[in-house]
Structure formats: C-alpha cells, structure tokens
Number of protein chains: 2
Amino acid sequence: MKQNKIKLGIFGFGCVGQGLYYTLEQTQGLKAEVVKICIKDRTKERSIPSHYFTFDKDEILDNPDINVVVELIDDPKAAYEIVVKALKSGKAVVTANKKMVADNFEELFKIQQEYNVPLLYESSCCASIPVIRNLEEYYDNDLINAVEGIFNGSSNYILTKIFNENAVYAEALKDAQEKGFAETNPILDVGGFDSKNKLCIIIAHAFGLFVKPEQIFNYGIQNINAFDVQYAREKGFRIRLVGFTRKVGKGVVGAVLPAFVKEENILYSINNEYNGVIVEGAFSENQFFLGKGAGSYPTGSAVLSDISALTYGYKYEYKKYHQNIENRDLNLVDDFKFEVYIRRNGDLKTIAPLFDEIIEVHRSGNINYLVGTISFSKLKSSGVFEDNDAVVILSSNNKIEIA
Amino acid sequence: MKQNKIKLGIFGFGCVGQGLYYTLEQTQGLKAEVVKICIKDRTKERSIPSHYFTFDKDEILDNPDINVVVELIDDPKAAYEIVVKALKSGKAVVTANKKMVADNFEELFKIQQEYNVPLLYESSCCASIPVIRNLEEYYDNDLINAVEGIFNGSSNYILTKIFNENAVYAEALKDAQEKGFAETNPILDVGGFDSKNKLCIIIAHAFGLFVKPEQIFNYGIQNINAFDVQYAREKGFRIRLVGFTRKVGKGVVGAVLPAFVKEENILYSINNEYNGVIVEGAFSENQFFLGKGAGSYPTGSAVLSDISALTYGYKYEYKKYHQNIENRDLNLVDDFKFEVYIRRNGDLKTIAPLFDEIIEVHRSGNINYLVGTISFSKLKSSGVFEDNDAVVILSSNNKIEIA
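Computed from a prediction, not measured in an experiment: that's the story for all the values here.

1. Some details on the overall build of chain A
Alright, step 1. A count of helical and extended segments in chain A gives 14 helices and 18 strands.
Alright, step 2. Compactness check: chain A gives a C-alpha radius of gyration of 22 Å against a globular reference of 22 Å for 403 residues, within 12% of the reference.
Alright, step 3. Seen along its three principal axes, the alpha-carbon backbone of chain A occupies a region of about 70 × 50 × 35 Å.
Alright, step 4. By the burial criterion, 60% of the 403 residues in chain A qualify as buried.
Alright, step 5. Sequence separation of at least 24 residues holds for 72% of the intrachain contacts in chain A that already meet a minimum separation of 6.
Alright, step 6. Only carbon and sulfur atoms are counted for the fraction: they give 47% of the accessible area of chain A, which is about 15,700 Å².

2. Some words on helix H5 (residues 105-115) of chain A
Residue and element names in this part refer to chain A.
Alright, step 1. Taken together, the buried positions of H5 are occupied by Phe105, Leu108, Phe109, Ile111 and Gln112. When H5 is viewed along its axis, its buried side chains cluster within an angular range of 160° and face the same direction.
Alright, step 2. Just downstream of H5, Asn116 is the residue with a positive phi angle, here 45°.

3. Some details on the relation of the copies chain B and chain A
Alright, step 1. When chain B is fitted onto chain A, the two copies agree to an RMSD of 0.0 Å after a turn of 180° and an axial shift of 0.0 Å. Viewed as a symmetry operation, the transformation between the two copies matches a two-fold axis. Within chain B, Phe289 of chain B has its C-alpha nearest the rotation axis, a separation of 2.4 Å.
Alright, step 2. When the interface residues of chain B are mapped onto chain A, 100% of them again lie at the interface, so the same face is used by both copies.

4. So, the interface of chain B and chain A
It is common to give the size of an interface as the accessible area lost on bringing the parts into contact.
Alright, step 1. Contact with chain B, which involves 45 residues of that partner, is made by 45 residues of chain A.
Alright, step 2. Across the chain B to chain A interface the summed buried area is about 3,800 Å²; carbon plus sulfur atoms make up 49%.
Alright, step 3. Connecting chain B to chain A are two salt bridges.
Alright, step 4. Here Glu285 of chain B ties to Lys292 of chain A by a salt bridge, and the two come within 2.6 Å at their closest N and O atoms.
Alright, step 5. Taken together, the connections running from chain B to chain A amount to 14 residue pairs in polar contact (both at pLDDT 80 or more).
Alright, step 6. Among the secondary structure elements, those contributing two or more residues to the side of chain B that touches chain A are helix H6 (131-138), strand E12 (285-292), helix H12 (296-311) and helix H13 (319-327) of chain B.
Alright, step 7. Examining the composition of the side of chain B that touches chain A, we find that eight residues originate from one element, E12 of chain B, more than from any other.
Alright, step 8. Residue classes in the side of chain B that touches chain A are distributed as 18 nonpolar, 18 polar and nine charged.

5. What to know about the pairing of strand E16 (residues 367-375) of chain A
Residues and elements named next belong to chain A.
Alright, step 1. By the criterion of burial, E16 is predominantly enclosed, with eight of the nine residues buried.
Alright, step 2. Direction of pairing for strand E14 (residues 336-345) relative to E16: antiparallel, over a ladder of nine bridges. Looking at E16, one finds that Phe338 is bridged to Ile374.
Alright, step 3. The pairing of strand E15 (residues 355-364) with E16 spans eight bridges and is antiparallel. Residue pairing for E16: Glu357 is matched across the bridge by Thr373.

6. What about the packing of helix H6 (residues 131-138) of chain A against H6 of chain B?
Alright, step 1. Running from N to C, H6 of chain A and H6 of chain B point in directions that differ by 120°, and their axes come no closer than 12 Å. When the axes of H6 of chain A and H6 of chain B are compared, the pair comes out oblique. For the pair H6 of chain A and H6 of chain B, the crossing hand works out as right-handed. Across the interface between the two elements, Arg133, Asn134, Glu137 and Tyr138 of chain A of H6 of chain A pack against Arg133, Asn134, Glu137 and Tyr138 of chain B of H6 of chain B.

7. Overview of the packing of aromatic side chains
Alright, step 1. Inspection of every chain in the model, using the stated rule, returns 62 aromatic pairs over all chains.
Alright, step 2. Arranged with centres 6.1 Å apart and planes meeting at 85°, the rings of Tyr316 of chain A and Tyr318 of chain A form a pair that is edge-to-face. Summarising the burial analysis for this pair, Tyr316 of chain A and Tyr318 of chain A share the class buried.
Alright, step 3. Taken together, the ring pairs in this structure connect Phe105, Phe109, Tyr121, Phe210, Tyr314, Tyr316, Tyr318 and Tyr321 of chain A into an aromatic cluster.
Alright, step 4. A cation over an aromatic ring shows up here: Arg46 of chain A above the ring of Phe53 of chain A, its NZ or CZ 5.7 Å from the ring centre.
Alright, step 5. Taking NZ or CZ as reference, Arg42 of chain B lies 4.2 Å from the ring centre of Phe55 of chain B, over its face.

Parameters and conventions
Residues numbered from 1 in each chain as written. Chains lettered and ligands numbered in written order. Predicted model: local features only at pLDDT ≥ 70, side-chain atom pairs only at ≥ 80, totals over all residues. Heavy atoms only, no water. Helix = DSSP H or I, 4+ residues; strand = E, 2+ residues; numbered from the N terminus. Rg over C-alpha atoms; globule rule 2.2 N^0.38 Å. Buried < 20%, exposed > 50% of the residue type's maximum accessible area, 1.4 Å probe, protein only. Contact = heavy atoms within 4.5 Å. Areas by Shrake-Rupley, 256 points an atom, 1.4 Å probe, with all protein chains shown as cover. Arc of directions from axis to C-beta. Least-squares fit on C-alpha atoms with pLDDT ≥ 70 in both. Buried area = accessible area lost by both parts, 1.4 Å probe. Salt bridge = Lys/Arg side-chain N within 4 Å of Asp/Glu carboxyl O. Polar contact = N/O pair within 3.5 Å; in protein donor to acceptor, adjacent residues only side chain to side chain. Nonpolar A, V, L, I, M, F, W, Y, C, P; charged D, E, K, R; others polar. Pairing = 2+ DSSP bridges. Axes fitted to C-alpha atoms, helices over the stretch in contact; angles between N-to-C directions. Parallel < 35°, antiparallel > 145°, perpendicular 65-115°, else oblique. Left-handed = near helix turned anticlockwise from the far one by under 90°. Phe/Tyr/Trp six-rings, centres within 6.5 Å; stacked < 30°, edge-to-face > 60°. Lys NZ or Arg CZ within 6 Å of the ring centre and 35° of its normal.

So, in structure tokens, the structure goes:
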C-alpha cells in the first residue's frame, strides 16, 4: 500500500456515504477513485450515475482492482462479515461503525496482525475529531492518566436544550429526533450505549486494553428530572453525559454516566451536537479536542482522512497494547470509589447505607437526595441503577479512587 | 531513520530541556538515549551527572553517533546555525524555537528537501497542542477555510485576570511575570509578536504558504483600557488576543489582533495560560484544540512526541505547499475588510472617514468610539495603530471579506 492509487469499494450510500462521495469530488490532493458502491435498497433514487452501484457485495469483495473497502452500513453483523472478508482478501478497510468495532475489537486486531492489512476507524469515534490518531501517534510516549468527554451528540443536544433553553426532556428528545440527531431507538444515545462503544475504542488506544462493551457500565440521562436540573442550576452546574476512563494504580476504570460539570470544566461549554474529548497526560497535562461528533460531512471527512492515510501506508500500531503485553501491568477494574449525587422520589433507607461517606443530605417531602462517596461495585449491585424513581449523577468534583 | 535507536544531542538545559530529560526518564516505550547536552553557563549547578554536559557545540554536531539533535536554546540566531549544521550533517532535528522557524522557514524547508532529513517543530506552535501534526496529517485532504485561536499564554493570562478577576492591566502583567508566564520583555507576548511567529508556522501547514513574520501584521493588547473592558462587559463579551488566517477566494489573510468574543465562541472559555486553536474545515466543520501553550512539561512532551515520530521515519510532507505549487492558487493578501471597534481618547475626525460603513457611534466627553467595516490596508496606513490614545479591537461578529 505504498503510495498506491486508491481504488475504492464503498458499502452504503446513506448520509455518510454521500458525504464521503462529495468531499472526495472536491478534494484536489487525493487521487482516489470510487469503483463501486454496494447498496441494499433497490427502490431509492440515487444522486449519482447508476453504473457506480451494485447490490452484490462480492462485486466489491472479489474485485482484485479494489484495494480499499469503505464500510458505512448500519447493520453491525453484516458490517463485520464484510470487513473480515475484505481484510482476509488483503484489502485495507476504513469503517465508521463504532458498534461493529467495539463488539469485535480483539478479533479485528488479530486479523489485522495475521493478514498484515490495515483497518482504520477514526470516524467511528466522535466523527471529525481526530481522537484515535492523536492517542496513537501523539501521545504514544506520554503517559496518559485519563480520557473523558462527551461522546454522543444527541444526548448532549437534549441536555443543552434543557439547560440553555429550559426545555423539558420529552420535548428536547422530540426536537433532536426531528433534527435527525437521535436514533429512532433513542435509548442507544440517551442510555449511553453509543458513548460506551466509543469509550471501548478509546480504552484500547489510550491504555492498550481490549474490553468488551458488556464489561463497561453505562447509565443514561432518562431519569433526570426537573428537580435535578434545578439542583444543578442552583449550584451553577450543567449536566453532561460523560464517558470516562482513568488509570488508578494498576487498574483502569471506565464507565458512562451523567455528571454535574462546573463552569471551569471545559465540558460545560460544549453545547448541542458537539463532542469534546479531554486527554489528561502526565506531561502534556490537559488537552482538549472539540468537534462535531456526527453528521454527513464531519464523518465523511474523517473517513477521507483515513483513506488518505492509507496512501502512505499508515496503520494503527496499537503501541499501548504492545507495551501492556510486555509489562502485563494494566487491568480493567470495578472496585473504585467516586462521589455521586443520588436523588430518589421516595425514601433513601436502602440507599444511605451504601455510602462510605455522606457529604450532603436533603429531605423535602417525597424528594430526597444524598451526596457522598460510594463504591462503584457496591452501587452497581444495589439496584439503584434499575430504580426508575432514582437517579445517579457524578459529582462535579470527582476524585476517582481504587476502593 | 527506520526504527533506528535514537541517540540524542540536546542544546539547552533550561526549563524545557529539563522537562524533556525527566519525561524521557519516565517513558517506557521510547528507547532514546541522551548522549550529550550542550550548555552555555559554566557556573550554574545542574541536577544530573556532569558527564552529560559539554560547552562545545561541535561535540554534538561532529559526533557521528548522535542521530537526533534537539535544539532548545533561546537565541534564534545561534539556534539557526546549530539546526542548519545538524541538518546538513544528516542529523534529524527537533526544535521548540518558533522565532527561529518563522524567521527562516523557507530556507529550513529547502534544506530539509535538499538533504532529505527531517526537521520537526510541533512544540514551537502552542506547545502541547498537536497543531502541526493535525494540519499535516489529518486535514491533508480536507479543504481548510480558516485557522484562528489564542496562541500566547501570557497575554491570555493577563486578559483572564482583567475579565475574571477585575485586575487592571499593569497588575495582571506583573502577576504574569512573577508566575514566569511572561517574557522579561513583555512586548513579545502582549504585542502579538510571539503569536505571529506561531501564525506563520500555521499558515505554511494550513495553506502551503511560507510567509515572513514581517509580512504578517500584529497589534497587541497594551492600549486596552477600563473603558474598553467596560464596553465588552456590557455586551457580554470578553477580549482575547487572536491570531487568524483565512482563505478568501484566492487570497489568504492573516493577522494578530485583540478581538471581542461572545460566550458562544469557544475562545471565550479559554482562560489563563491555555492556548486554543480553531480549525475551520470545509467538511469537518469547526474543530477545536485546547492545551497548555507553554511550560516545561507541556513543551517537553511535544518535543518527546516529535522524537518518537522520528523513530518511525516521520517527516512533514508539506502537502499543502506542494499542492499550491501545482495549482499556483493562493497568495497572501492585505486588501480585506473586517468589522472593528476603534476607541479613541480624543476626537475621531481622522478615523471616521476611514470606515466603509459605520454601525455604531459613541461620543461621551473625551472618550469616543466607532464600530464598523473598514479596509485593513487602509487602516494599516492610517496611523491609528500607532496612536497610543486609540485602540483597535476586532468585532465579535466578524466576516472577513476581500476588499
């Protein structure tokens, strides 16, 4: 793949596929040619000449002329099959499918090693923000302490409407769906599932650990109510859905949870469908990356950037993983402590004893809350997260500690 | 330079040199060995063994064992000589010296081409923020419209003190100097000279133009007074010292000036010694990078990142420059229009006629101001910038247009 001319086979011609096509058309520097585009829907009208299209995936996968496959379809299972077959045929692959990557990460890593062929997925993680590339290349020798941020545009759009425009949750969600920011099944966004997939990808490139999405806990913004919003406002906070991973000794912790953020925290200023990623390096200190986390052109441009990187033989080296194997030092752990706010409509009898330390107690009629330090693993098995009358929100001055 | 073991000769062991030494010590992945450190001051006590040190630059430059030279001295002229000799001897060079790079950019580019040897300078541009690397690699095929940001930590520290803590300019400057953020000659920081050097480096990697610092206009924050601050506060603005470059048709404009920023602008939230860079791509839309723009460890970690990149043969390709040569399309121009606020203690008789359009006029006793659209080249030759009773501040809703 050294300065080869890129001949592209693309799977999917939805919003991102079209974004890619048009960015490619307007890009002077890159000599990449679209050979075929494989689509599913035979009835939809298409905006470019029909000779580009095929309905048969093997017309791309078996075409020896095509050296780069771009996978942009929704279905993670079908995507996985396409990607594996392409890699095994020696074709480089660029994908935007975060769920597919997160679900099959270690397998995909191994296939890359075995077949010595690159798989790039920058666009899968916060679209236009160059998260993976920077973690791989720029921080390869800085000791990373933590990565945290807003990884989902739809839920951030909803929280922005609630905090900046006094919208209520249901309205804000409807608005996000109408604007095309939210999935039809909004739980993927607002429940933190989408953020979690991105966090898995980040954990691999920041700490060299391949973790399954099932190993990472996610909790969404659905239970946040007017009382919680009022509480945040009175303290000068906003609420953001935050994914975080942090090295604590030999442990790596990671989860997706709503969090109170102070004005001094840069995430406070991240509004609407933007994503923001904070990288805490031992030496570089805090770095922050902001950009649109979704959308046709932002995602298309990240895909394009991966395609361009392939022209000069770029591949992920997974340096942190190799360092980890050598040193056998880092493991995902669950037994950490953090500071949380738990509000419940109803009594706190079963919740209060869970806390190691209680900083603030509030009782007013039926609405009660506690703020304090709690063990994450204890909280997880307590049933609080499943209690629809309760909400758990990370405190704004969190210090995560190994329990 | 393919996976070669790195043998380092370092020039300078001040704040950044020491930062580098200690980050190197704590870094597992990178096998780089410090062979010699060339220093000037024979009297200063050093924190590491004396066998590392030499006072003779040729002990590094003539040592065939040393394959990478790291240049971290203050004096741009001496630095240039060291860097040129190192490159011509086939040694890769990493430098943090923005003035040296900006002053000699095209020459340094040509020497790299002629001797086929890499010169990396990520740390010269906003220290820990990976600006150059991202412009080179990630946006190599996105059409960049503009880059703007806060490129100087000291002046931003001063503006933060003024806006967030009601400090007056002289106090804030003294505070910055005591904290070690400001140069002994503060005009380099507050006058926009330092920002301008960084802007020159950015222009080369964003638009492929090598411009001399003398070609770029800079105007500082020294004339901003309590009236201007009050004006900003009433409108809900803050003032930031902003470097910007923007493509307007076939023209590229660039300058450093104080600017009013609204709360919606991410630069509003950039406080203290932080730097922030906004990249406006045609497809990726707005991206933002934030980090510490100075300091021992943030700069040291960027130098380390460059050293690490050398182990896998990395060099800047100057892709935009080569595209420009092919297409001969972009030129630095001066005849653009922007919206400015001009306040003057005294009459506005000579200033008012300069405006193409006046949006706001204010007269109160001896303090007067105008807001409106003006031609930059006309303003530059008008003497307003040299008038110590006046100040020019970019309007918050700027649209830069070719005149």
